[in-house]
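Each chain, written out:
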Amino acid sequence: MAAETPARSGVRAGGYCWAQRPGGGARCTRPLGHDGEHVDYYNGRTKPTDAAGHRWPK
Ligand SMILES: [Zn+2]
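Residues numbered from 1 in each chain as written. Predicted model: local features only at pLDDT ≥ 70, side-chain atom pairs only at ≥ 80, totals over all residues. Heavy atoms only, no water.

S.K.: What should I look at first to understand the coordination of the zinc ion in this one?
M.R.: Protein-derived coordination of the zinc ion comes from Cys-17 (SG), Cys-28 (SG), His-34 (NE2) and His-38 (ND1), at a distance range of 1.9 to 2.4 Å. Of note is the zinc ion, whose four donor atoms meet at the metal with angles of 102 to 118° in an arrangement that counts as tetrahedral. Read from N- to C-terminus, the donor residues coordinating the zinc ion fall into the pattern C-x10-C-x5-H-x3-H. Taken as a pair, Cys-17 in the segment before strand E1 (38–39) and His-38 in strand E1 lie far apart in primary sequence, 21 residues in all. Of the two residues, Cys-17 and His-38, both sit in the buried class. (Donors = N, O, S within 2.8 Å, 3.2 Å for Na, K, Ca; no water. Tetrahedral: all angles 85-135°; square planar, octahedral: opposite > 155°, others 65-115°. Helix = DSSP H or I, 4+ residues; strand = E, 2+ residues; numbered from the N terminus. Buried < 20%, exposed > 50% of the residue type's maximum accessible area, 1.4 Å probe, protein only.)

Here it is, written out as structure tokens:
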């Protein structure tokens with residue numbers, strides 16, 4: 001059996017949609033193949049308690 005290779009730089013994070021937001025500044029961190037709008041859960045939050053940051057339509 002082949003050993004699992006550690007994540008390599010430049011490779012898409014495992015399983016993320018990773019769509020670029022128009023205008024930049026965010027990438028979709030919902031699972032690949034999700035329904036509905038794209039959401040970046042890490043960028044664009046206005047306060048630490050926000051569940052998600054930027055959202056934009058597909
Ligand atoms: Zn997405």
